[in-house]
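Chain residues, written in single-letter form:
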Amino acid sequence: EDFSVPIVISSDAEVGIYLEAKPTPLAVGGDHTLSVTVSNLGSYKIANVVATIEDSEAFDILNIQKEQYIGNLDNDAFSTVQYKIKVRAVAPGPYPLAFDVKYKDQSGIWITKKISTTVNVRPASEGVQKDNGSGTLMLVGAVVLAGVAYWYFRMRKPRAK
């Protein structure tokens, strides 16, 4: 006897997001480059990968587009996209940062994953390198010392006549 059985194939396609910022730490009022690494954690290739950063209460996205195309990712492969961000005048502390990653799995089905993570924002004073002038003073001292050494050894030699 013949009968129909519906079969649903589920994919183990999975993506991960990893963040890095330059300069660090993220400081209130600072301009930063946020590097977002999208990784294929599944067993099969995924295609047409697009990463989109969502609006945030703590960050202004300075890129012209929030959506960036990555392309195809083999299993255990990754790719990085960058966003220019400015930290708003918010209180220091942890803030959520969310991404949508859209891709086509091996069976051709479009999948959208929402991935949320928390990033820490530091006070503005921690994000700015304080220079008390000691680096500049040491550089000037080294140049003067090199000049004195050059003059001393150059002047000690008798001139050829």
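Residues numbered from 1 in each chain as written. Predicted model: local features only at pLDDT ≥ 70, side-chain atom pairs only at ≥ 80, totals over all residues. Heavy atoms only, no water.

*Asks:* How would you explain the nonpolar core if you had to name every residue and give the values?
*Replies:* Ranked by internal contacts, the top residues of the largest apolar core, which has 32 residues, are L34, V38, F59 and Y83. Sorting the residues of this core by element identifies β1 (15-22), β2 (31-40), β3 (46-53), β4 (59-61), β5 (67-73), β6 (78-87), β7 (93-104) and β8 (110-121) as the ones contributing at least two each. Looking at this core element by element, the count peaks at five residues for β7. (Core = buried A, V, L, I, M, F, W, Y, C linked by side-chain atoms within 4.5 Å. Buried < 20%, exposed > 50% of the residue type's maximum accessible area, 1.4 Å probe, protein only. Helix = DSSP H or I, 4+ residues; strand = E, 2+ residues; numbered from the N terminus.)

*Asks:* Please set out the pattern of salt bridges residue by residue, giving values where relevant.
*Replies:* Using the criterion set out here, one finds seven salt bridges in the structure. D55 is the salt-bridge partner of K66, the closest N and O atoms lying 2.0 Å from each other. Taken together, the residues K66 in the loop between β4 and β5 and D55 in the loop between β3 and β4 connect sequence positions eleven residues apart. Linking R88 and D60 is a salt bridge whose minimum nitrogen-to-oxygen distance equals 2.7 Å. With R88 in the loop between β6 and β7 and D60 in strand β4, this pair connects stretches of sequence that are 28 residues apart. Exposure remark for R88: the relative accessible area of 32% places this residue in the partly exposed category. The class for D60 is partly exposed, based on a relative accessible area of 30%. (Salt bridge = Lys/Arg side-chain N within 4 Å of Asp/Glu carboxyl O.)

*Asks:* Please set out the sheet that holds β4 residue by residue, giving values where relevant.
*Replies:* Strand order in the open sheet formed by four strands is β1-β2-β6-β4, with antiparallel pairing between adjacent strands. The open sheet has two edge strands with one neighbour each: β1 and β4. Across this sheet, the average inter-strand angle for adjacent strands is 35 degrees, counted without regard to direction. The pairing of β2 with β6 spans nine bridges and is classified as antiparallel. Bridging from a neighbouring strand, H32 pairs with I85 of β6. (Pairing = 2+ DSSP bridges. Axes fitted to C-alpha atoms, helices over the stretch in contact; angles between N-to-C directions.)

Treat this as a map of the structure, not an account of what it does.
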